[in-house]
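Here's the letter readout for the chains.
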Amino acid sequence: MDKSSALDYINHMFPTEESLSGVEPLMQKIHNEIRHVDARILAAVRQQSNSGTKAKEDLAVATHAVEELMHKIREIKTKAEQSETMVQEICRDIKKLDFAKRHITTTITALHRLTMLVSAVEQLQVMASKRQYKDAAAQLEAVNQLCSHFEAYRDVPKITDLREKFKNIKQILKSHVFSDFSSLGTGKETEESNLLQQLSDACLVVDALEPSVREDLVNNFCNRELTSYEQIFEGAELAKLDKTERRYSWIKRRIRTNEELWKIFPPSWHVPYGLCIQFCKKTRKQLEGILDNPQEKLDVGKLLLALQRTLEFEDELAEKFGGGTQNREVVNEIEEIGRGEGDSRDASDIRKKYERKLAAHQGTGIEEKDRNRDLSVPGAGFNFRGIISSCFEPHLTIYVELEERTLMEHLEKLVQEETWDVEEGSQNNILSSSMQLFLMIKRILKRCSALTKNQTLYNLFKVFQRVLKAYATKLFARLPKGGTGIMTAATGMDGQIKAGELAESVSKIIDRQLADGVDMSEVQDEFSAVITKALVTLVHGLETKFDVEMAAMARVPWGTLESVGDQSEYVNGINMILTSSIPVLGRLLSPIYFQFFLDKLASSLGPRFYSNIFKCKQISETGAQQMLLDTQAVKTILLDIPSMGRQTSNAASYSKFVSREMSKAEALLKVILSPIDSVADTYRALLPEGTPMEFQRILELKGLKKADQQSILDDFIKHGPAITQLTIAPRVVPAAPAVPSPPAATNLASVGFIASREDVLARAAALGRGAATTGFKRFLALTEAAKDRKDGPFRKLFNA
């Protein structure tokens, strides 16, 4: 009924008049429903009234219960406080008794320890006086522990006296021990059988004393042992550089002789280790005096021998006392310099190399763990390398100068003896002088890196730079002049100079602070210049060989040729030069340098052929047709050069360049073939970058006299060298009756047609086809015949 009205409802219930008879029954039903609802409402109101009264009574009861609960809680809290006070009063006397017991126990313990300390100190005093070192060592440990309990009683007079007495006893023990050890090595140990055992027990006392006592004892022992060494090698006879090896023999013999005797020292003292350190410091000081002596002139041989023996001795000490061995990988890197491997190593070689590196790395890790375990012992781990040998560093300049002189002398000899030849069947086109030079550098680098990795190695690297630059200069000077000896110039000029690998190897072995200065870029630039010059020389060499053929081309009577035939002899000569030279160059040059050679050759031969056309005296129509055929043949030969050299991977750019340059020559010949009245327009269309001087030379090639040339030339200059739109006016040129004009050109001229650049280009292209129809028919006939012939000058044009 929410969405409908009472009227709708009535209409729904009583849609017709007949249905109105049911109104009374419906009304009676509705009145009954109303009475029933009223009765229910009255009952609900009565029930609600009764419930409110009951709720108020329940609330009053709950409030009263809460009040009673709060009262009981307050009573419990009061009783708890009373109980706590009672417990504290009961326990007060118990705490006093507990504190008293604790203090009495501490006092008894302290008195007992004091008694023990007094007794121990007295016993220790007796042991010290009788040199009973073994018992004294144990007693020292006990007294030290007892003294630690009285640290809080330092101000007590009795404790102070005991500590002072203990200090004096330790001083007595120290003096007795030092006195007894002074007899070690004097021969008394053989006379007194118990001396060694007594000294061994004394070491226990030293360990029980302060660490400084042990250090002082070891230092005194080492100084006493080295006193005779200083006396022996400070004399005039042995204080020389060539006697250096005898110094190391002395200390090794001394250690070997006294090895059994020195076993009285605990291993943790590292007495031989400390002795070697003291020996190295004293030796360094004495060698510095010898090297700095201005009266003694240093000999390179003696200097290097002394340094080598010093390094060997340092390696022995480093290996003996946990310093490890040198990294072999660096030596392997040096040995690879100059082998000429290039990129020819296969995957298995590379895999084996990295397996070796991985194994070396794993081995290094194991050695590192062992060394760390050794270094955990106090006193071990001193770096012996360089402790003596570093004093040689400032004096190795003479060694570097000697190496430089030797390299320069051998370099001069190597370049003079260089044959520039490649062995038959050899795939290696490296100069023999280059291989030998780098073998020398490898040996020198290996020798120097074994001696030093500091400033001297860096100075030697600078020597390598100067030597390689000198080598590049000598190679540059040995390049052929004037383009002769082209094949000789090509041999070995593929740039396989290991300068980059040399710099990388030096940077790996040199000290880290000097590694940034190791750079071979300047040397590589020098050799790049040599390579560039060599490649240019190759191009010049070919140009020189082409001189004869270019001269032969100019001598051909192009103005009197009667017919177009096979390609000219100068074209055969060009083909012979290239077929004999290019395969050799392709085998010797790497792809990148062969590409450079091709680019230079294309940029030279194309323009040269173009300019050589102007050196001819006069070119008739038949001559121009023959020359156009020759141009096509030369173009085909030039495009076949990458195939001759067996290097066609990067020939696309070269082919485009050759086609563009030779197209200029073809365009020039088409201009020469054009009629006189349209030669200017054809020249502007085909060669828009042309000049009036060049155009005048074209008129001369066409056979025009000076007087006839001037008007055409004036008109050409007036309209400019290039055209975008021009008017071809009717013009009669009586000086050129032998050159027939195409009918199309005559018709255009007669009607004064305005031709665009595209029209001129199309007409110029027709000149190559229509005006020389006879010559090109002959050319096509020869072409078809050449396909079936096994020899002949055209055969190579179709075998590419």
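Note that the coordinates shown come from a computational prediction; the quantities given were computed from them, not determined experimentally.

Rules and cut-offs
- Residues numbered from 1 in each chain as written.
- Predicted model: local features only at pLDDT ≥ 70, side-chain atom pairs only at ≥ 80, totals over all residues.
- Heavy atoms only, no water.
- Helix = DSSP H or I, 4+ residues; strand = E, 2+ residues; numbered from the N terminus.
- Contact = heavy atoms within 4.5 Å.
- Axes fitted to C-alpha atoms, helices over the stretch in contact; angles between N-to-C directions.
- Parallel < 35°, antiparallel > 145°, perpendicular 65-115°, else oblique.
- Left-handed = near helix turned anticlockwise from the far one by under 90°.
- Nonpolar A, V, L, I, M, F, W, Y, C, P; charged D, E, K, R; others polar.
- Core = buried A, V, L, I, M, F, W, Y, C linked by side-chain atoms within 4.5 Å.
- Buried < 20%, exposed > 50% of the residue type's maximum accessible area, 1.4 Å probe, protein only.
- Domains from an automatic or database assignment.
- Phe/Tyr/Trp six-rings, centres within 6.5 Å; stacked < 30°, edge-to-face > 60°.
- Patch = residues over 30% accessible without salt bridge, like charges linked within 9 Å, V, L, I, M, F, W, Y side chains within 5 Å.
- Areas by Shrake-Rupley, 256 points an atom, 1.4 Å probe, with all protein chains shown as cover.
- Salt bridge = Lys/Arg side-chain N within 4 Å of Asp/Glu carboxyl O.
- pLDDT = per-residue confidence, 0-100.
- Polar contact = N/O pair within 3.5 Å; in protein donor to acceptor, adjacent residues only side chain to side chain.
- Lys, Arg positive; Asp, Glu negative; His and termini not counted.

**Concerning the overall build of the protein**
For step 1, the next point in the chain: A count of helices and strands for the protein gives 30 helices and two strands.
For step 2, the next point in the chain: Here the analysis covers contacts within the protein between residues at least 6 apart in sequence; of these, 79% occur between residues at least 24 apart.

**Quick notes on the packing of helix α2 (residues 23-129) against helix α4 (residues 157-181)**
For step 1, the next point in the chain: As a packed pair, α2 and α4 sit with axes 10 Å apart at the nearest point and diverge in direction by 25 degrees. Accordingly, the angle class assigned to the pair α2 and α4 is roughly parallel. With respect to the hand of their crossing, α2 and α4 are arranged in left-handed fashion. Contacts between α2 and α4 involve L114, L117, V118, V121, E122, L124, Q125 and A128 on the former and, on the latter, K158, I159, L162, K165, F166, I169, I172, L173 and H176.
For step 2, the next point in the chain: Per-class residue counts for the contact of α2 with α4 are 12 nonpolar, two polar and three charged.

**Things to note about the nonpolar core**
Among soluble globular proteins, nonpolar side chains are generally buried collectively.
For step 1, the next point in the chain: Counting 115 residues, the largest nonpolar core has F181 and F265 as its most contacted members.
For step 2, the next point in the chain: Counting residues per element, this core draws most heavily on helix α15 (residues 455-478), which supplies 12 residues.
For step 3, the next point in the chain: Counting only domains with at least three residues in this core, you end up with domain 1 (130-320) and domain 2 (392-532).
For step 4, the next point in the chain: The residues touching F265, leaving out its near neighbours within four places in the chain, are F181, L184, C203, F221 and V271.

**Description of the packing of aromatic side chains**
Think of a pair of aromatic rings as described by two things: how far the centres are apart, and how the planes are tilted against each other in angle.
For step 1, the next point in the chain: Tallied over the entire structure, the rule returns 17 aromatic pairs.
For step 2, the next point in the chain: Between F279 and F313, the aromatic rings sit 5.7 Å apart at their centres with planes inclined by 75 degrees, giving edge-to-face as the arrangement. Placement of the pair is F279 in helix α9 (residues 271-291) and F313 in helix α10 (residues 300-320), with a sequence separation of 34 residues.
For step 3, the next point in the chain: Put simply, the rings of Y229, F233, Y248, W250, F279 and F313 touch in pairs and so form one group of aromatic residues.

**Describing a nonpolar patch on the surface**
For step 1, the next point in the chain: On the surface, V66, L69, M70 and I73 cluster together into a nonpolar patch covering about 370 Å² of accessible area.
For step 2, the next point in the chain: Note on placement: I73 falls in helix α2.

**Section: the confidence of the model for the protein**
For step 1, the next point in the chain: Scored by pLDDT, the protein comes out at a mean of 75, with 77% of its residues at no less than 70.
For step 2, the next point in the chain: The spread of mean pLDDT over the elements of the protein runs between helix α28 (residues 743-750), the lowest at 32, and helix α22 (residues 621-639), the highest at 89.
For step 3, the next point in the chain: Under a pLDDT of 50 for its full length, residues 483-496 has, in the predicted model, 41 contacts with residues more than four places off or in other chains.
For step 4, the next point in the chain: Every residue in residues 723-800 scores below 50 in pLDDT, and together they form 104 contacts with partners more than four places removed in sequence or on other chains.

**Observations regarding the environment of T636**
For step 1, the next point in the chain: The topology assignment puts T636 in helix α22.
For step 2, the next point in the chain: Looking at T636, the relative accessible area reads 30%, which means it is partly exposed.
For step 3, the next point in the chain: With 61 residues separating them along the chain, T636 and N575 place their C-alpha atoms 9.9 Å apart.
For step 4, the next point in the chain: Of note is the side chain of T636, whose polar atom sits 2.9 Å from the backbone oxygen of Q632.

**Looking at unusual backbone geometry**
For step 1, the next point in the chain: Within the chain, R131 stands out as a residue other than glycine whose phi angle is a positive 55 degrees.
For step 2, the next point in the chain: Tracing the backbone shows R131 in the loop between α2 and α3 (133-148).
For step 3, the next point in the chain: Phi angles above zero are rare outside glycine, and H270 is one such case at about 55 degrees.
For step 4, the next point in the chain: Tracing the sequence through the fold places H270 in the loop between α8 (244-257) and α9.

**Topic: the side chain of D201**
For step 1, the next point in the chain: Mapped onto the secondary structure, D201 falls in helix α6 (residues 195-208).
For step 2, the next point in the chain: As a buried residue without a salt bridge, D201 has its nearest oppositely charged side chain in K134, at a separation of 5.5 Å.
For step 3, the next point in the chain: Ignoring any residue separated from it by four or fewer positions in sequence, one finds D201 in contact with Y133 and K134.

**Points about the pattern of salt bridges**
For step 1, the next point in the chain: Under the counting rule described, the total for this entry stands at 20 salt bridges.
For step 2, the next point in the chain: The salt bridge partner of R102 is D98, with a shortest N-O separation of 3.3 Å. With R102 and D98 both in helix α2 and four residues apart, the pair spans about one turn of that helix.
For step 3, the next point in the chain: A relative accessible area of 37% means that D98 is categorised as partly exposed.
For step 4, the next point in the chain: Of the charged contacts, one joins K174 and D216 as a salt bridge, the two residues approaching to 3.9 Å between their closest N and O atoms. Of this pair, K174 sits in helix α4 while D216 sits in helix α7 (residues 211-233), and the two are 42 residues apart along the sequence.
For step 5, the next point in the chain: Taken together, the shared-partner salt bridges connect E245, R309 and E312 into one network.

**Focus: the side chain of K282**
For step 1, the next point in the chain: Summarising the element assignment, K282 is placed in helix α9.
For step 2, the next point in the chain: Ignoring sequence-local partners within four residues, the contact set of K282 consists of N223, L226 and E230.

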